[in-house]
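Take a look at the letters that make up each chain.
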Amino acid sequence: MHKNNFCKRCLYGTAHPLGLILDEEGICSGCRIHEEKDKLDWGARWEKLRSLVQPYRNTDGKNYDCIVPVSGAHDSYYIVHLIKKELGLNPLLVTYNKYFNTPLGIRNLANLRIQFNCDILYQNINPISVKNITRTTLRRLGSIYWPVLAGQTVFPVQTAVRYKIPLIIWGAHQGLEQVGMFSHEHEVEMTRRYRKDHDLMGHEADDLLSIFDTLKEEDIWQYRYPDDQELNAVGVRGIYLGNYVRWDPKAQHEKMVTEYGYQTASFSRTFDAYDFVDCFNYMDLHDQLKLYKHGYSKVTDHASREIRFGRLTRQEGHALVTKYEQRTLKYSEQFCDWLGIAPRSLQFMLDMHRNPDCWEQIEPDKWIFKGWSVQRAEGLSSEVRPSDLFQVNSSLEMDRAASYITIGKGWP
Ligand SMILES: [Zn+2]
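Now for a description of the structure that goes with this document. (Residues numbered from 1 in each chain as written. Predicted model: local features only at pLDDT ≥ 70, side-chain atom pairs only at ≥ 80, totals over all residues. Heavy atoms only, no water.)

### A short note on the overall build of the chain
Alright, step 1. Counting secondary structure elements, the chain contains 18 helices and 7 strands.
Alright, step 2. Computed over the C-alpha atoms, the radius of gyration of the chain is 21 Å, within 12% of the 22 Å expected from 2.2 N^0.38 for a compact globule of 412 residues.
Alright, step 3. Overall, the C-alpha framework of the chain stretches about 65 × 50 × 45 Å when taken along its three principal axes.
Alright, step 4. Scored against the burial criterion, the 412 residues of the chain give a buried share of 59%.
Alright, step 5. Taking all contacts inside the chain whose residues are at least 6 apart in sequence as the whole, residues at least 24 apart take part in 76%.
Alright, step 6. Approximately 17600 Å² of the chain is accessible, and the part contributed by carbon and sulfur atoms is 49%.
Alright, step 7. Positive and negative side-chain charges in the chain, numbering 51 and 53 respectively, have mean positions lying 2 Å apart. (Helix = DSSP H or I, 4+ residues; strand = E, 2+ residues; numbered from the N terminus. Rg over C-alpha atoms; globule rule 2.2 N^0.38 Å. Buried < 20%, exposed > 50% of the residue type's maximum accessible area, 1.4 Å probe, protein only. Contact = heavy atoms within 4.5 Å. Areas by Shrake-Rupley, 256 points an atom, 1.4 Å probe, with all protein chains shown as cover. Lys, Arg positive; Asp, Glu negative; His and termini not counted. Charge placed at Lys NZ, Arg CZ, Asp CG, Glu CD.)

### Here's the deal with empty space enclosed by the protein
Alright, step 1. The final tally for this structure, using the stated rule, is 2 cavities of 30 Å³ or more.
Alright, step 2. Along the walls of the largest cavity sit 17 residues, with Thr95, Asn97, Asn101, Ile106 and Leu109 positioned nearest its centre.
Alright, step 3. Of all elements in the fold, only β2 (91-96) and α4 (103-116) reach the threshold of two or more residues within the lining of the largest cavity.
Alright, step 4. A per-element tally of the lining of the largest cavity places α4 first, with 3 residues.
Alright, step 5. Split into classes, the residues belonging to the lining of the largest cavity amount to 6 nonpolar, 9 polar and 2 charged. (1 Å grid on protein atoms, 1.4 Å probe; cavity = no way out; pocket = protein on both sides within 12 Å on 5 of 7 lines; lining within 4 Å. Points joined across faces, edges and corners; volume = space filled by probe spheres on them. Nonpolar A, V, L, I, M, F, W, Y, C, P; charged D, E, K, R; others polar.)

### Quick word on the coordination of the zinc ion
By definition of the ideal shapes, four donors in a tetrahedron about a metal sit 109.5 degrees apart, and six donors in an octahedron sit 90 or 180 degrees apart.
Alright, step 1. Surrounding the zinc ion are the protein donor atoms Cys7 (SG), Cys10 (SG), Cys28 (SG) and Cys31 (SG), at 2.3 Å.
Alright, step 2. Every donor counted, the 4 donor atoms about the zinc ion form angles of 105 to 113° at the centre, which fits tetrahedral coordination.
Alright, step 3. If you list the donors of the zinc ion from N- to C-terminus, the spacing comes out as C-x2-C-x17-C-x2-C.
Alright, step 4. Among the residues examined, cysteine 10 registers a relative accessible area of 0% and is labelled buried. (Donors = N, O, S within 2.8 Å, 3.2 Å for Na, K, Ca; no water. Tetrahedral: all angles 85-135°; square planar, octahedral: opposite > 155°, others 65-115°.)

### A few points about helix α2 (residues 42-53)
Alright, step 1. With 12 residues, α2 should reach 16 Å at 1.5 Å per residue; the first-to-last C-alpha distance of 17 Å fits that figure.
Alright, step 2. When α2 is considered as a whole, its buried residues turn out to be Trp42, Arg45, Trp46, Leu49, Leu52 and Val53. Seen end-on, α2 carries its buried residues on one side only, within an arc spanning 115°.
Alright, step 3. Looking at the buried side of α2, the elements it contacts are α3 (76-86), β4 (167-170) and β5 (237-240).
Alright, step 4. Two or three places before glycine 43, at the start of α2, stands the capping residue aspartate 41, its side-chain oxygen 3.2 Å from that residue's backbone nitrogen. (Expected span 1.5 Å × (residues − 1). Arc of directions from axis to C-beta. Polar contact = N/O pair within 3.5 Å; in protein donor to acceptor, adjacent residues only side chain to side chain.)

Written out as structure tokens, the structure is:
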């Protein structure tokens, strides 16, 4: 069994898939880098950002100043708020259609472009190819999200090349936020390598083509990253706002709710009501796969983040993880309908990806979680903090049925 040593402050262990180290005091690299949020001179860092974007401002009004990838959730509102309202840039918003759209996500995205009065490009890949890839990556990599992650990370870069808009602006860098892979002061930028290794689990579009005989060129070409020559010709670079702004998703979302009408929803598998309200699967089937493969789920990410900000104690965070981690799925039937597979085949494929370090099969259809959270539980109480930390003002389904909106650009 692989060893997983836990941080004394948050709920992450050294088995974290992004890589994490503990120092001599038993505090993880993610928690140490988080300390920078209260040490750095954010005023000076904001000024640095201001001068960084200055040369990209379009003076003749014939092109956009930058590209901003958005969705109907996550940090999209705050990113556009900073770029348009605070920096005064004229962005081209781009969004990749993930197909698992909730009515709330469609509403939030429509409201975003109206509130901020921005132009937006949608990329809709044909459903047959998306399903072919999803089927293949589910079976082989244990991921239903490969096309979404690939599309979200490549469409902005392709658009930068096509429209000759060199600057892409992202929100926070996950490697920095979760595990402290870099310091804020390193000001890391977007790379092909990080995308492949972490976002795409080591497999770029062409790798899928060469490894799996179930896919064809026509399925994957839209997910191909531009080559260096194309990128260099335009001078494409991608920067992360989290290096220049003290990033706090909870506080940011609350400001967006008040100022621009961002809507939130409750989930059965986490207490965070703000993050992934645009997708039926991210906090459901995708989250279950994370638990199967890595022995923890998104609620651990949320709890660790809140612990670092001092809004939860480690005990409270752990109790929330215990409460939510094993909740049953709500939306897997919709996924089976969409992909055209039986629920039993889905469960079979999910089981193939259970990590033997965390799961033990005791009968053909029965598994027990002997996972890492059990070790975390040692010495921790199980008091669950009242759930008023996050405000809910809508629901994923809104007034519509809980089925995907596969294409939806407007909202009445
Ligand atoms: Zn930590």
